[in-house]
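Okay, here's what each chain looks like letter by letter:
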Amino acid sequence: MPTLATAVLRYLHEVLGIEAPAVKPWARANELPYFLRDAFQFGELELLGQPLVLAIGRAQAKQSLSEVRTWLNKVQAMAGQPAVYVTDALASYDRRRLIEQKVPFIVPGNQLYLPDLGLDLREYFRQRAPATEALSPSAQAMLITALLRQPWQSDWQPSEIAVALGYTPMTQSRAVKELTAAGLATAYTIGRSRWLRMELPPAQVWERAKPALRTPVRRTVWVAAHGTVARRPGRLAGLSALARYSMLTEPKWPVFALTAADWKAATDAGVRELPEPEAGAQEWQLWSYSPALVPDAHTVDPLSLTLSLQKNADDRIQLALDELKGQLPW
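Computed from a prediction, not measured in an experiment: that's the story for all the values here. Numbering of residues begins from 1 in every chain and follows the order in which that chain's sequence is written. Owing to the predicted nature of the model, reporting of local features is limited to residues with pLDDT of at least 70; listing and counting of side-chain atom pairs is limited to 80 or more, with chain, interface and lining totals taken over all residues. Values reported for side chains reflect all heavy atoms of the structure, with hydrogen atoms and water molecules removed beforehand.

Colleague: Break down the overall build of the chain for me, with residues and values.
Modeller: By the criteria applied, helices consist of DSSP H or I runs no shorter than four residues and strands consist of E runs no shorter than two, each listed in order from the N terminus. Along the chain, the regular secondary structure elements total 14 helices and 15 strands. The dimensions of the chain, computed from C-alpha atoms along their principal axes, are 75 × 55 × 35 Å. Taken across its 330 residues, the chain has 46% of its residues classed as buried. In the chain, once contacts between residues fewer than 6 apart in sequence are set aside, the share between residues at least 24 apart is 62%. For the accessible areas, the method is Shrake-Rupley and the probe is 1.4 Å, while residue cover comes only from the protein chains on display. Total accessible area on the chain stands at roughly 16,900 Å², and carbon and sulfur atoms take up 51% of it. Taken together, the 36 basic and 32 acidic charged side chains of the chain have centroids lying 3 Å from each other. Exposure classes here rest on a 1.4 Å probe applied to the protein chains alone. A residue is buried below 20% of its type maximum, exposed above 50%, and partly exposed in between. Residue contacts follow a heavy-atom distance rule, with two residues in contact if any of their heavy atoms lie within 4.5 Å. When charges are tallied, Lys and Arg are placed among the positive residues and Asp and Glu among the negative ones, while His and the ends of the chain are skipped. Each charge is placed at NZ for Lys, CZ for Arg, CG for Asp and CD for Glu.

And the structure:
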């Protein structure tokens, strides 16, 4: 069975706390038309006493949702048991459409919807989220920096990233403990050098880490965009940054991200917070860590940007975040 099947088993164990048996090849797959076997690899799994057929989407054969629904109905009719669509990624609006049509699916690390078993892990995550211990801002910033470095390196020295971000050895040490305790990296030593290794590819590390990650935005302020202010803004953030990565329209007021130190320097230079936006105003986000994790960029990094907007209920913004996800460097 392919890697996605393994990811399904790991996901079920992580979120349901059960050890599902291995995914076996589905014996009746050869009875299906060639086009179905080209589109999917089929496996069989027993979950909570219910046998399921997994239709695992092949990466080289993208399936439209209308086709998926029709094809799964054919497989289910033949199997006499639920057929579940498995894919590594689904846009949020596609997930909604599948749920509306009651089509079972699993996106490992993201969502599980099995109406025949009464399982919808959107609710599960809402219930469990408070129990997830969040990474500190420094550990989050170091992890995101390591994930976005090009070329990708599974092994990295936390001291290099800590120095680049201006963190003390004590802050670095705490961040390393957090990352290893969360299962996101393993630590080892070469000579006097401390190293971290990420055992999974970057996309999987990111999905595993997300429950422990938080928005970097501590506070948002409005300022008048003239004089000193016009020269001071940091990197584009929020909807201004998202508009650079997607078809989203530029917001009415430009959005920038700054650190607390940047904000203090601005107020010391005479910048004053507005009680509400006015013509020509700017929105400044005060971040818990540096908005400049990726060098030589005009916007904040795409992972922090995603975290800052992921709870926004606007469908247009969620669609734009799906566009952004497709541009991540892995």
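Colleague: Talk me through the sheet that holds strand E13 (residues 255-259); I want residue IDs and the actual numbers.
Modeller: Taken together, five strands build an open sheet; the order of strands is E12-E13-E15-E11-E14 and the sheet is mixed. The open sheet has two edge strands with one neighbour each: strand E12 (235-236) and strand E14 (273-274). The sheet contact formed by strand E11 (residues 217-224) and E14 spans two bridges and is antiparallel. Looking at the pairing, valine 223 lines up with glutamate 273 of E14. Whether two strands pair depends on DSSP finding at least two bridges between them.

Colleague: Lay out helix H14 (residues 315-325) in plain terms, naming residues and giving numbers.
Modeller: Taken together, the buried positions of H14 are occupied by Ile317, Gln318, Ala320, Leu321 and Leu324. One face of H14 carries all of its buried residues, which in axial projection span an arc of 160°. To obtain the arc, one takes the directions from the helix axis to the C-beta atoms.

Colleague: Any details on helix H9 (residues 202-209)? Residues and values, ideally.
Modeller: Burial in H9 covers these residues: Pro202, Val205, Trp206, Glu207 and Ala209. Turning to H9, the residues buried within the fold contact helix H6 (137-148), helix H13 (302-309) and H14.

Colleague: For unusual backbone geometry, give the residues involved together with the corresponding values.
Modeller: In the segment running from glutamine 150 into proline 151, the intervening peptide bond is cis, with an omega of -5°. In this fold, proline 151 is placed in the loop between H6 and strand E8 (155-156). Positive phi values are uncommon outside glycine, yet lysine 102 reaches one of about 55°. Tracing the backbone shows lysine 102 in the loop between helix H4 (92-100) and strand E5 (105-107). For lysine 102, a relative accessible area of 59% gives the class exposed. The phi dihedral of aspartate 296 falls on the positive side, at around 60°, and the residue is not glycine. With respect to the element layout, aspartate 296 can be found in the loop between strand E15 (281-287) and H13.

Colleague: Account for the pairing of strand E2 (residues 40-47), naming residues and giving values.
Modeller: As paired strands, strand E1 (residues 24-25) and E2 are joined by two bridges and run antiparallel to one another. Residue pairing for E2: proline 25 is matched across the bridge by glycine 43. As paired strands, E2 and strand E3 (residues 50-57) are joined by eight bridges and run antiparallel to one another. Bridge pairing links leucine 47 to glutamine 50 in E3. Adjacent in sequence and paired antiparallel, E2 and E3 are bridged by two residues, among which leucine 48 carries a positive phi angle near 55°.

Colleague: Before we move on, could you go through the environment of alanine 89 and cite the residues and values that matter?
Modeller: Mapped onto the fold, alanine 89 is located in the loop between strand E4 (83-86) and H4. Overall, alanine 89 belongs to the partly exposed group, its relative accessible area being 37%. Sequence-wise, alanine 89 and isoleucine 106 are 17 residues apart; in three dimensions their C-alpha atoms are separated by 9.4 Å. In contact with alanine 89, not counting residues within four places along its chain, are Val107 and Lys325.

Colleague: Go over the packing of helix H11 (residues 238-245) against H13 with me, naming the residues and quoting the values.
Modeller: If you want to describe how two helices pack, look at the angle between their axes and the distance between the axes. Lines fitted to C-alpha atoms define the axes here, with helix axes fitted over just the stretch in contact, and angles between the N-to-C directions of these axes take values from 0 to 180 degrees. Where H11 meets H13, the axes come as close as 10 Å, and the angle between the chain directions of the two elements is 125°. As summarised for this structure, H11 and H13 are arranged oblique, according to the angle between their axes. Like other packed secondary-structure pairs, H11 and H13 cross with a definite hand, here left-handed. Residues Gly238, Leu239, Ala241, Leu242 and Tyr245 of H11 form the contact with H13, whose own contacting residues are Pro302, Leu305 and Leu309. What sets the label is the angle itself: under 35 degrees gives roughly parallel, over 145 gives roughly antiparallel, 65 to 115 gives roughly perpendicular, and the rest give oblique. Take the far helix as the reference: if the near one is turned anticlockwise from it by less than a right angle, the crossing is left-handed, and if turned clockwise, right-handed.

Colleague: Quick one: what's the story with the pattern of salt bridges, residue by residue and with numbers?
Modeller: Take a side-chain nitrogen of Lys or Arg and a carboxyl oxygen of Asp or Glu: if they are within 4 Å of each other, that pair is a salt bridge. Applying the stated criterion to the full structure yields 11 salt bridges. Two residues, lysine 210 and glutamate 207, come together in a salt bridge whose shortest N-O distance is 3.2 Å. Overall, the relative accessible area of 23% leaves lysine 210 in the partly exposed class. Glutamate 273 is the partner of arginine 219 in a salt bridge, and the nearest nitrogen-oxygen pair spans 2.4 Å.

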